[in-house]
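Structural characterization, general
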Amino acid sequence: MFKIGFDNDKYLKMQSERIKERINEFGGKLYLEFGGKLFDDYHASRVLPGFQPDSKLQMLLQLKEQAEIVVVISADDIEKEKVRGDLGITYDVDVFRLINAFSDMGLMVGSVVLTKYISTPKVTAFEQKLQQNGIKSYRHYLIDGYPANISKIVSDDGYGKNDYIETERELVVITAPGPGSGKMATCLSQLYHENKRGIKAGYAKFETFPIWNIALNHPVNIAYEAATADLNDVNMIDPWHLDAYGKTTVNYNRDVEIFPVLKATFDKIYGSCPYKSPTDMGVNMAGNCIIDNEAVKEAANQEIIRRYYTACCENLRGGNKKDEIYKLELLMNNAMLSVENRLCTVKAEELAQSTGKPAAAIELADGSVITGKTSELLGSVSAMLLNALKHLGNIKDDILLILPEVIKPIQELKVNHLGNKNPRLHTDEILIALSVSAVSDDNAKLALSQLSKLNNAEMHSSVLLSDVDENVLKKLGIRVTCTAVTDKK
């Protein structure tokens, strides 16, 4: 059952105020490293129900007169044509998507920085495209001995070789298409260059997860580890913070490991470091905006299970996810979870066992669980979808929303003319057929009007879904899992 557990309005207000405070702490110039997604943060919206996917962007809009954005991309990622898994586009393409999205929202995009710079045809072509679009670009280079050789890094032969990024505003947001792009190194390089010019600037980090002021084993923090299982990120108690203040806070291994470098960099540039711990660097206020801890725990538990199913399915498709699956199993064990903690999974598997055919089940926002089984006309997911719409519209079970006379010609078209072996209708086809029926049938029209109520529903299929079905369900806001087996029938 879907329940709000996070106060988004409170978050927007608290977060923007905290960033303003941090700007003032450094005398009016702050480089703010944005970890995670600046918008389209669907992981956060799933584990913190009530958090809007564009919350960080909306928060930043409250500071838009003070802020400019610098987008960072690694030349190595351009050369390797690295792809964003969630969007299926390369990092270099995503840079332009981000720039357009920010600009459309009225945010100033100052420039793009190419880190780990190498001169290759792909990298040169990317720079030329930036120039053609009127976007300033800068080059940052690999430094021998990074990150351990501080004397070399913080020198004219280290950061000093990087281009100085010209910025105009007091808040400079450093973001990137994905992890490993070089955001922190870009920030520290700028601190070095600003200091050489007599400007004292500060650095802070804004990353939603792990949430520093909730328990290490809280499901929200475990869900972050599940989301980054492929990166081998590990949540841990911040030892620096515990030593400095005697207080337990949560951070993750990469920040804890890099903190000595950051501290030494600050010491060398300014004579002392303003931070005593990685936690001190952060400005995240999300933990203060949880209003229903049980709702948030349940949402995060479901995310952990979903991540496990996703990895299993990707492995079946040839993705070589065995190590990731092993880690996710450990995380589920740590959270005292099993797949049976997902009600729609239990119901789908029970129906599949009893019928001997693929089955599906959906848990709606009101807690109702609706199932669908495979028939000659419909696949299990299409049947489940129609049954759910009937339930939401209080339409009797025995009423046919789409007549067989409508479905059969579509099946003949698929098999006889479009080369499909499976005559059963996919979800997109069943929704089109329902839309046609709605022209002359009030029940079909009523059912179609219930589609928005499927948002935030949890659903499971006893077999792998087609890409078509999975994409349609996700567009409807349904959170989908599948058992990692194929339909051989």
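For the structure given in this document, a descriptive report is provided here.

Rules used in this analysis
- Residues numbered from 1 in each chain as written.
- Predicted model: local features only at pLDDT ≥ 70, side-chain atom pairs only at ≥ 80, totals over all residues.
- Heavy atoms only, no water.
- Helix = DSSP H or I, 4+ residues; strand = E, 2+ residues; numbered from the N terminus.
- Rg over C-alpha atoms; globule rule 2.2 N^0.38 Å.
- Contact = heavy atoms within 4.5 Å.
- Areas by Shrake-Rupley, 256 points an atom, 1.4 Å probe, with all protein chains shown as cover.
- Lys, Arg positive; Asp, Glu negative; His and termini not counted.
- Charge placed at Lys NZ, Arg CZ, Asp CG, Glu CD.
- Axes fitted to C-alpha atoms, helices over the stretch in contact; angles between N-to-C directions.
- Parallel < 35°, antiparallel > 145°, perpendicular 65-115°, else oblique.
- Left-handed = near helix turned anticlockwise from the far one by under 90°.
- Nonpolar A, V, L, I, M, F, W, Y, C, P; charged D, E, K, R; others polar.
- Phe/Tyr/Trp six-rings, centres within 6.5 Å; stacked < 30°, edge-to-face > 60°.
- Buried < 20%, exposed > 50% of the residue type's maximum accessible area, 1.4 Å probe, protein only.
- Lys NZ or Arg CZ within 6 Å of the ring centre and 35° of its normal.
- Pairing = 2+ DSSP bridges.
- Expected span 1.5 Å × (residues − 1).
- Polar contact = N/O pair within 3.5 Å; in protein donor to acceptor, adjacent residues only side chain to side chain.
- Salt bridge = Lys/Arg side-chain N within 4 Å of Asp/Glu carboxyl O.

Let us look at the overall build of the protein chain. Each helix and strand in the protein chain was counted, giving 20 helices and 12 strands. On C-alpha atoms alone, the protein chain measures out to a radius of gyration of 25 Å, which is about the 23 Å that the 2.2 N^0.38 rule sets for 489 residues. Projected onto its principal axes, the C-alpha coordinates of the protein chain cover approximately 80 × 55 × 40 Å. Long-range contacts, defined as pairs at least 24 residues apart, comprise 68% of the intrachain contacts of the protein chain with a sequence gap of at least 6. In the form shown here, the protein chain has an accessible surface area of approximately 22,100 Å², with 49% of it arising from carbon and sulfur atoms. If you average the places of the 57 positive and of the 65 negative side-chain charges in the protein chain, the two averages end up 1 Å apart.

Looking now at the packing of helix α13 (residues 293–316) against helix α14 (residues 322–334). At their nearest, the axes of α13 and α14 sit 9 Å apart, and the two run at 160° to each other. Comparing the axis directions of α13 and α14 gives the class roughly antiparallel. Taken as a pair, α13 and α14 cross one another with a handedness that is left-handed. Contacts from Ile304, Ile305, Arg307, Tyr308, Ala311, Cys312 and Asn315 in α13 reach Lys322, Glu324, Ile325, Leu328, Glu329 and Met332 in α14. In terms of residue class, the contact of α13 with α14 is built from eight nonpolar, one polar and four charged.

A few words now on the packing of aromatic side chains. Taken as a whole and assessed by the stated rule, the structure comprises 14 aromatic pairs. Where Phe96 meets Phe126, the ring centres are 5.7 Å apart and the plane angle is 70°; that geometry is what we call edge-to-face. Linking Phe96 in helix α5 (residues 91–104) with Phe126 in helix α6 (residues 121–132), this pair joins segments that are 30 residues apart in sequence. Each member of the pair, Phe96 as well as Phe126, carries the same accessibility label: buried. By way of ring pairs, the aromatic residues Phe26, Phe266, Tyr270 and Tyr275 are connected into one cluster. Taking the ring centre of Tyr164 as reference, the NZ or CZ of Arg197 above it sits at 3.7 Å. Sitting above the plane of the Tyr270 ring, Lys200 keeps its charged end 5.7 Å from the centroid.

On the basis of which strands lie adjacent, the open sheet formed by six strands has the order β4-β3-β2-β5-β1-β6 and parallel pairing. Both edges of this open sheet fall to β4 (137–139) and β6 (202–206), since each of them pairs with a single strand only. Averaged over all adjacent pairs, the angle separating strand axes in this sheet is 25°, with direction ignored. Two strands pair when backbone bridges link them, and strand β2 (residues 67–74) and strand β5 (residues 171–175) are joined in this way by five bridges, in the parallel orientation. The residue of β5 that forms the bridge with Ile69 is Val173. Across the sheet, helix α1 (residues 8–25) is in contact with β1 (30–34), β5 and β6; its angle to β1 comes to roughly 140°. The sheet strands contacting α5 are β2, β3 (108–115) and β5, and the helix crosses β2 at an angle near 170°.

Time to look at the pairing of β2. For β2, a buried count of eight out of eight residues is recorded, marking the element as mostly surrounded by other parts of the structure. Here β2 shows no split at all, with Ala67, Ile69, Val71 and Ile73 on one side and Glu68, Val70, Val72 and Ser74 on the other all buried. Taken together, the seven bridges between β2 and β3 define a ladder with parallel strand orientation. Bridge assignment links Ile73 to a residue of β3, and that residue is Leu114.

The next thing to look at is helix α16 (residues 380–392). With 13 residues, α16 should reach 18 Å at 1.5 Å per residue; the first-to-last C-alpha distance of 18 Å fits that figure. With 11 of 13 residues buried, α16 lies mostly within the body of the structure. Those residues of α16 not exposed but buried are Ser380, Val381, Ser382, Ala383, Met384, Leu385, Leu386, Ala388, Leu389, Lys390 and Leu392. Turning to α16, the residues buried within the fold contact β9 (359–363), β10 (369–373), α18 (427–437), α19 (442–448), β11 (458–461) and α20 (467–475). A positive phi of about 55° marks Asn394, the residue just after α16.

So, about unusual backbone geometry. As a rule of thumb, non-glycine residues mostly have phi less than zero, and peptide bonds are mostly trans rather than cis. Residue Pro147 follows Tyr146 across a cis peptide bond; omega there is 10°. Relative to the helices and strands, Pro147 resides in the loop between β4 and α7 (150–153). For the peptide bond that leads from Phe209 to Pro210, omega is -10°, which places it in the cis range. Mapped onto the elements of the fold, Pro210 is located in the loop between β6 and α9 (219–227). Even without being a glycine, Asn394 presents a positive backbone phi close to 55°.

On to the sheet that holds strand β12 (residues 479–482). The strand order across the open sheet built from four strands is β10-β9-β11-β12, with neighbouring strands paired in mixed fashion. In this open sheet, the two strands that pair with only one neighbour each are β10 and β12. Pairwise comparison of adjacent strand axes, ignoring direction, gives a mean angle of 15° for this sheet. Pairing analysis gives four bridges linking β11 to β12, with the strands arranged parallel.

Mapped onto the secondary structure, Glu33 falls in strand β1. Reaching out from Glu33, the side chain makes a polar contact with the side chain of Tyr203 at a distance of 2.5 Å. The contact partners of Glu33, leaving out residues within four places of it in the chain, are Ile174, Lys183, Met184, Cys187, Tyr203, Ala204, Lys205 and Phe206.

On to the pattern of salt bridges, then. Counted according to the given criterion, the structure contains 29 salt bridges. Between Glu17 and Lys20 there is a salt bridge whose closest N-O contact spans 3.6 Å. Of this pair, Glu17 and Lys20 are both found in helix α1, three residues apart, which corresponds to roughly one turn of the helix. Note that Lys327 and Glu225 form a salt bridge whose closest N and O atoms lie 3.7 Å from each other. Taken together, the residues Lys327 in helix α14 and Glu225 in helix α9 connect sequence positions 102 residues apart. Connected through shared salt-bridge partners, Arg46, Glu303, Arg306, Arg307, Arg342 and Glu458 make up one network.

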